[in-house]
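Residues per chain are reported as follows:
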Amino acid sequence: MSEYYPPISYTVPPSEDGWLLKTILQKRLHVSRKLQSRLKLTEQGITVNGQRVYISVPVRDGDVVEIRMEKEISDDILPEPIPFRILYEDEHLLIVNKEAGIIVHPTHGHYTGTLANGVVHYWRDKGEAFRFRAVHRLDQETSGVIAIAKNPYVHQHISEQMIANEVDKRYLALVHGVPSPEEGEVDGPIDRDPEEPHRRIVTPDGYPSLTRYQVVEAYGSSSSLVQLKLETGRTHQIRVHMTSIGCPLIGDKLYRHPVYQVLPPEEEGAPETVLPQGLTPSERTVVLLDHSISRQALHAWELSFQHPVTRERMTFQAPLPPDMTRLIGEAKQHELDQ
């Protein structure tokens, strides 16, 4: 097995004859200074027409500039068969559909059972060597599309697109109520809740946060399916923003509907037959819908960005998972019952 990944190449056109190699690396291959320094330390890291050269030399029309990265593995991640669905894969990228309930990367107290364990197991089974580099993360209970870079060059490029707000991330959520207006934005700064640090709240002193939304389908006035686009990437942003406009996500146990402020704690998980008396029909629907799904009803539906190597704009979609599809059926039934 070669110690390098396949090269990323650039052929110098006539208009760039005489440019310095370091200019080609920066302006055309968009190699960061950090990665450039790393490549210079390896025998085949940076070559012109197959020969290792100094980056201060000029290049000529027709020269083939190539960069090669050494192969890596995630020695600190235990291979383990974890379910995930592959949406797309090439020699540079792996795009997967993560199931709800799976953490993306091992953390303190969660060294196994993560998506990273599963991906490393998948690569090992194929005899491939890659280091696990998730370009972004999803909450444990959020399902959907996630991008994994197979080398530092790809990770760098997609990360830069995210910083420049050139990565389009769209979500689908089932929420209590119907946002008004049915298409708009929530522009509310987010920071930690000083009384409960694990929660976030909208506060004037928070970090700028913007979410755009559009109602896809309303189920009476009790619930709706909403498409959301993140313009910033704060922790729990969608959950916090939807709660702030009175439409918390169905099933969310951290950002709950106000009905739970008056519902006795011991009865929050009670089945319909023993729900406390005095709840209005709409309050009853809130509780019953929350009981119909075991997590917040949030799905990373679509991810779009420019492929770092081919420069093609690519879009990946993950179908709505079964638990959210069933929840839509429940919401429609409650609409008929009202």
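Conventions and cut-offs
Residues numbered from 1 in each chain as written. Predicted model: local features only at pLDDT ≥ 70, side-chain atom pairs only at ≥ 80, totals over all residues. Heavy atoms only, no water. Helix = DSSP H or I, 4+ residues; strand = E, 2+ residues; numbered from the N terminus. Buried < 20%, exposed > 50% of the residue type's maximum accessible area, 1.4 Å probe, protein only. Contact = heavy atoms within 4.5 Å. Areas by Shrake-Rupley, 256 points an atom, 1.4 Å probe, with all protein chains shown as cover. Lys, Arg positive; Asp, Glu negative; His and termini not counted. Charge placed at Lys NZ, Arg CZ, Asp CG, Glu CD. Pairing = 2+ DSSP bridges. Expected span 1.5 Å × (residues − 1). Polar contact = N/O pair within 3.5 Å; in protein donor to acceptor, adjacent residues only side chain to side chain. Salt bridge = Lys/Arg side-chain N within 4 Å of Asp/Glu carboxyl O. pLDDT = per-residue confidence, 0-100.

A. Main features of the overall build of the chain. A count of helical and extended segments in the chain gives 7 helices and 16 strands. Expressed as a percentage of its 338 residues, the buried residues of the chain come to 48%. Within the chain, counting contacts between residues at least 6 apart in sequence, those at least 24 apart form 68% of the total. Of the roughly 16600 Å² of accessible surface on the chain, a fraction of 49% belongs to carbon and sulfur atoms. Taking the 36 positively charged and 47 negatively charged side chains of the chain as two groups, their mean positions are separated by 7 Å.

B. Quick peek at the sheet that holds strand 4 (residues 64-67). A sheet is described by the order of its strands in space; here 4 strands give the open sequence 1-4-2-3, paired in antiparallel fashion. Across the chains shown, the open sheet's two edge strands, defined by having one partner strand only, are strand 1 (8-11) and strand 3 (51-52). Of the pairings in the sheet, the one linking strand 2 (residues 46-48) to strand 3 comprises 2 bridges and is antiparallel in character. In the strand pairing of strand 3, T47 is matched with R52.

C. Quick look at helix 4 (residues 152-163). The end-to-end C-alpha distance of helix 4, which contains 12 residues, comes to 16 Å, matching closely the 16 Å that a straight helix rising 1.5 Å per residue would cover. For helix 4, every residue scored as buried is listed here: P152, Y153, V154, Q156, H157, I158 and Q161. Where helix 4 begins, the capping side chain belongs to N151, and its oxygen is found 3.1 Å from the backbone nitrogen of Y153.

D. Inspection of the pattern of salt bridges at higher detail. With the rule as written, the count across this model stands at 20 salt bridges. Salt-bridge contacts for E196 lead to R199; the nearest nitrogen and oxygen are separated by 3.9 Å. Here R199 falls in the buried class, since its relative accessible area comes to 17%. Connected via shared salt-bridge partners are E89, K126, E128 and K150.

E. Representation of the confidence of the model for the chain. Averaged over all residues, the pLDDT of the chain equals 92, while 94% of them reach at least 70. In the model of the chain, helix 6 (residues 281-291) stands out as the element of lowest mean pLDDT, 88, in contrast to strand 6 (residues 93-98), which has the highest, 98.

F. Highlighting unusual backbone geometry. Cis peptide bonds are those with omega within 30 degrees of zero, and the linkage from S180 to P181 qualifies with 0°. With respect to the helices and strands, the residue P181 is situated in the loop between strand 9 (168-176) and strand 10 (183-187). Look at N49: it is not a glycine, yet its phi comes out positive at around 55°. Relative to the elements of secondary structure, N49 occurs in the loop between strand 2 and strand 3. Given the relative accessible area of 44%, N49 is considered partly exposed. Positioned with a positive phi, H236 is a non-glycine residue whose angle comes to about 60°. With respect to the secondary-structure elements, H236 resides in the loop between strand 14 (223-230) and helix 5 (237-244).

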